[in-house]
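Coordinate inspection notes
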Amino acid sequence: MQGNFIVQAWRKELRKQVLIVGSVCLFGYSIGQLLPALILLIGSYVLFNLVQLHRLTKWLAKDHASDRSAPPEGFGLWGGVFDGIYRLQKQERRASAYLENIVNKAQESSAALEMAIIMVDRHNKLDWWNKATESLLGLRYPEDRLLPVTNLIRDPKFTEYFSRNVYDEPLHINSPGDNGKRLEIQIALFGENERLIIVRDISQLHRLELMRKDFVANVSHELGTPITVIRGYLEAIIENISDLDSKWEKPMIQMHQQSSRMENIVKDLLMLSALETGTLSRKQSSFALIQLLSEIVNDARQIFAQQDHRFSLSCDENIEFVGDRGEIYSAISNLVSNAAKYTPHQGKIEILIRLSEDFLEVRIGDNGPGIEAKHLPRLTERFYRVDASRSSETGGTGLGLAIVKHIVNRHDGELTISSEVGKGSRFSCRFPLSRVKTEGIGIAEADEMTETPATFMDNLSKAPRH
Ligand code: ADP
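The notes below deal with the structure included here. For clarity, every value in this text was computed on a predicted model and none was experimentally measured.

1. Observations regarding the overall build of the chain
Scanning the chain for helices and strands turns up 14 helices and 13 strands. A separation threshold of at least 6 residues defines the contact pool for the chain, and within that pool the share at least 24 residues apart is 61%. Working note: accessible area of the chain is about 28,000 Å², and carbon and sulfur atoms make up 57% of it.

Structure follows, in structure tokens:
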């Protein structure tokens, strides 16, 4: 449409020009003044175009944001140029009004949010933030703009979190301004290494969580003594069971078993509470891992003597672990006794320690029944059991793996679980090298470390059972 219009305008203009040039030539020729007539024509043409250009530049020089006047009337092709520019200007005005409207709406809605939203540029400087940021973090606009974000949130935990480039988990810190507040911080990367920081006030949730932890700790503490007393009396009664009527024998034995279970649950709950609330004092020391593992294996051999499992232990003698020996003992022995508990008679239980260039891995594998994949993500939840009846038969509390996860996390490590039904399970704790004293120790080759869960479990399940 537009193309047709332009072609027609050009044709019209060309016809007009040919007519003018022809008439001037004819006139000049008829009076014998062809050259001066042509010079006069060219001069007038240049002058006409200069006048049009002058009108256009004068109009363009106006402030079009405040003065929206129409362009001057143009002649010939110039009229089309003026109209075209005016049309483009109107289109641009409409587009920028639309964008302005969107930006205003985004700003209004972000101002209505209770959470703080901060944009940080690729040089880690504060670029933009919403209103809630001012009350939550005390930022002031425009004074704090372009200041490094770590200058304003000075918590070392935040600095460490911010410098990571992976933000799978949110960070919880106390508010830098008001210590009574607890904040949850989540960062998302966007654009060219820019970051969006979202901060939520979770003080209420935090208080409830503290109340829950206190409640569990208090209840467990209060229940501890009565249960120990009851179990003690039941133990004494069972020792002299022959004095009782035989009809009491079964109930007494069951009561004794259940009270022992309750005692174990209370002990585990107390341990979990202490780990969660951080009331457990950390006794950091460095100790030989092989010695600790040998103790665990010997204990497990004795406790599960009837099962007649075959334990194998592979660990470099020189590896020293830096951490709380009691806690690490508890975590690894939990995993080893789980492997022994859930693996049927004469199973194979393998404890493997490997040191790579990046981490230390403590791996406990068994060729037991395995765990269905759907249970794996929930295994470390409190009281989560794959099979409640099997667990209570084995005296499990459902708290063991929750304790293991806490201890491993407290030592900057990570617990991963892989399993295949019918083949076995593998529990792996990976610790950073800062937890290891490495003097004179060989590092495992990379491909040695990349053994897949399937091949690991295959090897275990191929092991002959007697
Ligand atoms: P529990 O005290 O019941 O053993 P845990 O938290 O230690 O509780 O373990 C949770 C559940 O995970 C157990 O109930 C059991 O079903 C499953 N589980 C743990 N370790 C193994 C294993 N080595 N083989 C098979 N299942 C296991």
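From this point, the narrative continues.
2. Considering the packing of helix α10 (residues 325-342) against helix α12 (residues 400-410)
Running from amino to carboxyl end, α10 crosses α12 at an angle of 140 degrees, the nearest separation of the two axes being 9 Å. Relative to α12, the element α10 lies oblique. Seen along the crossing, α10 lies across α12 with a hand that is left-handed. Residue-level inspection shows Glu-327, Ile-328, Ser-330, Ala-331, Asn-334, Leu-335 and Asn-338 of α10 in contact with α12, the latter providing Gly-400, Leu-401, Ile-403, Val-404, Ile-407 and Arg-410. For the contact of α10 with α12, the class distribution of residues is seven nonpolar, four polar and two charged.

3. Here's the deal with helix α2 (residues 34-60)
Side chains that are three or four residues apart share a direction in an α-helix, a result of its 3.6 residues per turn. Between its first and last C-alpha atoms α2 spans 39 Å; for 27 residues at 1.5 Å apiece the expected length is 39 Å, and the two agree. The set of residues buried in α2 consists of Ala-37, Leu-41, Asn-49, Gln-52, Leu-56 and Trp-59.

4. Focus: the sheet that holds strand β2 (residues 126-129)
Spatially, five strands are ordered β2-β1-β5-β4-β3 in an open sheet, and the strand pairing comes out antiparallel. The open sheet has two edge strands with one neighbour each: β2 and β3 (171-174). Across this sheet, the average inter-strand angle for adjacent strands is 30 degrees, counted without regard to direction. Where strand β1 (residues 116-120) meets strand β5 (residues 194-201), five bridges bridge the pair, whose relative direction is antiparallel.

5. Examining the nonpolar core
Counting residues in hydrophobic clusters, the biggest one holds 49 residues, and the most contacted among them are Leu-289, Leu-292, Ile-332 and Leu-360. Those elements that provide at least two residues to this core are α8 (249-277), α9 (289-303), α10, β9 (348-355), β10 (359-366), α12, β11 (414-420) and β12 (424-432). Looking at this core element by element, the count peaks at eight residues for α10. Both domains that furnish three or more residues to this core are identified here as domain 3 (208-277) and domain 4 (285-461). When residues no more than four places from it in sequence are discounted, the contact partners of Leu-360 are Leu-289, Ile-319, Phe-321, Ile-353, Arg-354, Leu-355, Cys-429, Arg-430, Phe-431, Leu-433 and Val-436. Membership of the second largest hydrophobic core comes to 21 residues, among which are Trp-129, Leu-136, Phe-162 and Leu-183.

6. Looking at the pattern of salt bridges
Inspection of the entire model under this criterion finds 18 salt bridges. Between Arg-382 and Glu-276 there is a salt bridge, with the nearest N and O atoms lying 2.1 Å from each other. In this pair, Arg-382 is assigned in the loop between β10 and α11 (388-393) and Glu-276 in helix α8, connecting sequence segments 106 residues apart. With a shortest N-O distance of 3.1 Å, Arg-435 and Asp-412 are connected by a salt bridge. Here the residue Arg-435 occupies a position in the loop between β12 and β13 (436-437), and Asp-412 occupies one in the loop between α12 and β11, the gap between them amounting to 23 residues. Relative accessible area serves as the criterion here: at 9%, Arg-435 is assigned to the buried category. One continuous salt-bridge network, built from bridges that share partners, spans Glu-209, Arg-212, Glu-276 and Arg-382.

The rules behind these values
Residues numbered from 1 in each chain as written. Predicted model: local features only at pLDDT ≥ 70, side-chain atom pairs only at ≥ 80, totals over all residues. Heavy atoms only, no water. Helix = DSSP H or I, 4+ residues; strand = E, 2+ residues; numbered from the N terminus. Contact = heavy atoms within 4.5 Å. Areas by Shrake-Rupley, 256 points an atom, 1.4 Å probe, with all protein chains shown as cover. Axes fitted to C-alpha atoms, helices over the stretch in contact; angles between N-to-C directions. Parallel < 35°, antiparallel > 145°, perpendicular 65-115°, else oblique. Left-handed = near helix turned anticlockwise from the far one by under 90°. Nonpolar A, V, L, I, M, F, W, Y, C, P; charged D, E, K, R; others polar. Expected span 1.5 Å × (residues − 1). Buried < 20%, exposed > 50% of the residue type's maximum accessible area, 1.4 Å probe, protein only. Pairing = 2+ DSSP bridges. Core = buried A, V, L, I, M, F, W, Y, C linked by side-chain atoms within 4.5 Å. Domains from an automatic or database assignment. Salt bridge = Lys/Arg side-chain N within 4 Å of Asp/Glu carboxyl O.

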